[in-house]
Amino acid sequence: MNALRLLFVFLIPFQLTAQQAHLKVLHSGLPSNIRALSVVNDSVVWLAGSNGYVGRSTDGGKTIKVLPVPGMDSADFRTLYAFDDKNALVVNIGSPARVFRTTDGFTWTQVYENTHQDVFVDGIGFWNASDGVIYGDPIDGQLFLLMTSDSGKTWQELSDVYRPLTVPGEASFAASGTAIQCAGDSTLLIATGGTVARLLVSNNRGISWQTQVTPITQGTPSTGIYSVAQGAGELIVITGGNYKSDSTVTDAVFFSPDGGASWQQPVNGTNGLRECVFFTDKFTAIAVGPNGIDWSTSACRNWSVLSEQKGFHVARKARNGESLFVAGKGMLAQMYLPEK
C-alpha cells in the first residue's frame, strides 16, 4: 500500500504536465508570416507580419480587418504596439526604417524615418500610455534607441552618450519583437545574440545600463536570446536557441531569480528554439517556437510540452483581460490552458 501511494504521488505531477493546451485556430492561410502581435483586451487584437500585412480584430479574433500601410506592400512588420482599437504603431525591419501611427484604426501616418544603411528595428515597448521605446541592431557599434513621451506621435533618437556599446557580431532578434520589455515605471530589458548573448538592463529608461552575459547558447549569428520576460519580483526568463537547428538545442532557456545577477538552467527545458516567452501570471510562463509551445508553472524551474502544433512565432496575453493568442505562419489562434 505504501508503495502504491508513493507511485501515486509521483504520477500526479506527470499527469498535470502531460496535459496540453487547446488551440482554437481562428484563421489559417493568412497571406503573411505573422511575427507581431499586440492584444489590448479580450476583444481587441492587432497583428502584423510579412508582405506588408497589418490586421485588427475587435471581436476576439473572429474577424480581421486588414489595414494596409500605403507604400509598404512588401514590408516585413515584426513589431507593433496597440493602445486600443483605434490607436496603434507599427514598424518595419530593414532600411529605411519607418514608424507608422494610426488614430482611427484605418489610416496610417508616418511619424519617423531612418535611412541609415545599418538600421534594423527589433522591437517596441511602453511603460504607460505615453512613454515608450523602440530599439534595433547596433549602428556604429552602439544599440539603436528611440524614445517617445507622447504615445508615439514623435520620436527622438537617444544620444550616443546613453546608447549601450556592443561587441562585433552582437545584435538582436526580431523573430517576435519580444527581446525587449518595459517593466514597472522605468525598467528596460533588452536581450541580444550573435557572438555574445547579453541582457542589457536600465532602471532609468536608458540613461544608464547594466550588462550581463548570459549562459544561453551563443557564438554564431543564428544563436542567442530571442525573447525576455520579467515575472514576480526580480524573476527574469530568457529563451532563444539557434534558428538553424531549432529542435536540437538544449540550452535554450535560462532564468534568473535575482534580476540577472545569476542564471540557472531549468531541470527540464524547452523543446528547442523558442522565439517568444511571456508570463501569464507571476510564476507561470509560456514559450513559443516554430516546433511547439512549452510552459512552466514553477517560476521557470521546470518546463513541459504545452502544444506540439508547429508554425507559431509569437504569443501574447491580453493586457486588460485573460485571453491568450498565438500567431505564426499564416495563422492566428486562441489558446486555452489546461488546469494547473
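Peer 1: Is there a simple way to think about the overall build of the chain in this case?
Peer 2: Summing up its helical and strand segments, the chain has one helix and 29 strands in all. Seen through its principal axes, the chain has C-alpha atoms that stretch 70 × 45 × 35 Å. The buried share among the 340 residues of the chain stands at 58%. Long-range pairs, those at least 24 residues apart, make up 48% of the contacts in the chain between residues at least 6 apart in sequence.

Peer 1: Would you mind going over the sheet that holds strand E24 (residues 285-289) with me for this structure?
Peer 2: Working definition: the strands of a sheet are paired by backbone hydrogen bonds and lie parallel or antiparallel to each other. Judged by pairing direction, the sheet is antiparallel, and its four strands sit side by side in the order E23-E24-E25-E26 without closing on themselves. Looking at strand neighbours, the two that pair on one side only are strand E23 (276-279) and strand E26 (304-307), the edges of this open sheet. The sheet shows a mean angle of 30° between the axes of neighbouring strands, taken without regard to direction.

Peer 1: What should I look at first to understand the pattern of salt bridges in this one?
Peer 2: Pairing of side chains with opposite charge becomes possible as their charged atoms draw close. Applying the stated criterion across every chain yields a total of nine salt bridges. The partner of Asp 76 in a salt bridge is Arg 78, and the shortest N-O contact between them spans 3.2 Å. Classification of Asp 76 as buried rests on a relative accessible area of 19%. Notably, a salt bridge pairs Glu 322 with Lys 317, separated by 3.7 Å at the nearest N-O pair. The exposure class assigned to Lys 317 is partly exposed, which follows from its relative accessible area of 22%.

Peer 1: Quick question: what am I supposed to make of the environment of Val 40 here?
Peer 2: By secondary structure assignment, the location of Val 40 is in the loop between strand E2 (34-39) and strand E3 (45-49). Val 40 sits in the buried class, given a relative accessible area of 5%. The contacts of Val 40, once residues within four sequence positions are left out, are Ala 82, Phe 83, Asp 84, Ala 318, Arg 319 and Asn 320.

Peer 1: How should the packing of aromatic side chains be read in this particular structure?
Peer 2: Note on aromatic pairs: each is described by the distance of the centres and the angle between the planes. Throughout the structure, instances matching the rule amount to six aromatic pairs. Relative to Trp 108, the ring of Trp 46 lies with its centre 6.3 Å away and its plane at 80°, an arrangement referred to as edge-to-face. On the criterion of sequence distance, the pair formed by Trp 46 in strand E3 and Trp 108 in the loop between strand E8 (97-102) and strand E9 (109-114) is long-range, its members being 62 residues apart. Looking at Trp 108, the relative accessible area reads 10%, which means it is buried. Ring centres of Tyr 81 and Phe 83 lie 5.1 Å apart, and the angle between their planes is 70°; on these two criteria the pair is classed as edge-to-face. Comparing Tyr 81 with Phe 83 shows no difference in burial state: the two are buried. Pairwise contacts between aromatic rings join Tyr 81, Phe 83, Phe 126 and Trp 155 into one cluster. Of note, Arg 56 hangs over the ring of Phe 106, and the distance from its end group to the ring centre comes to 5.1 Å.

Peer 1: I tried to follow the sheet that holds strand E4 (residues 54-57) on my own but got confused; where do I start?
Peer 2: Overall, antiparallel pairing links the four strands, which are arranged E2-E3-E4-E5 in an open sheet. The sheet is open, and its two borders are formed by E2 and strand E5 (65-66), each paired with just one other strand. Sheet analysis places E2 next to E3, joined by five bridges and oriented antiparallel. Residue pairing in the sheet places Ile 34 in a bridge with Gly 49 of E3.

About the cut-offs
- In this numbering scheme, every chain counts its residues from 1 along its sequence in written order.
- A pLDDT threshold of at least 70 governs which residues receive local features in this predicted model, and a stricter bar of 80 or more applies before side-chain atom pairs are shown or counted, although totals over entire chains, interfaces and linings include all residues.
- The side-chain figures draw on all heavy atoms in the structure; neither hydrogens nor water molecules are used.
- Strands here are runs of E lasting at least two residues and helices are runs of H or I lasting at least four, both read from the DSSP assignment and numbered beginning at the N terminus.
- The rule is simple: take the accessible area with a 1.4 Å probe, protein chains only, and divide by the maximum for that residue type; under 20% is buried, over 50% is exposed, in between is partly exposed.
- We call two residues in contact when some of their heavy atoms are within 4.5 Å.
- The pairing criterion is simple: DSSP has to find at least two bridges between the two strands.
- To obtain an axis, a line is fitted to C-alpha atoms, over the contacting stretch when the element is a helix, and the angle between two such axes runs from 0 to 180 degrees between their N-to-C directions.
- Every case where a carboxyl oxygen of Asp or Glu lies within 4 Å of a side-chain nitrogen of Lys or Arg is listed as a salt bridge.
- Each aromatic pair joins two rings of Phe, Tyr and Trp (for Trp, the six-membered one) with centres within 6.5 Å, and gets the label stacked for planes under 30 degrees apart, edge-to-face for over 60, and tilted for any other angle.
- As a reminder, the over-ring test applies to NZ of lysine and CZ of arginine, requiring each to be within 6 Å of the ring centre and within 35 degrees of the ring normal.

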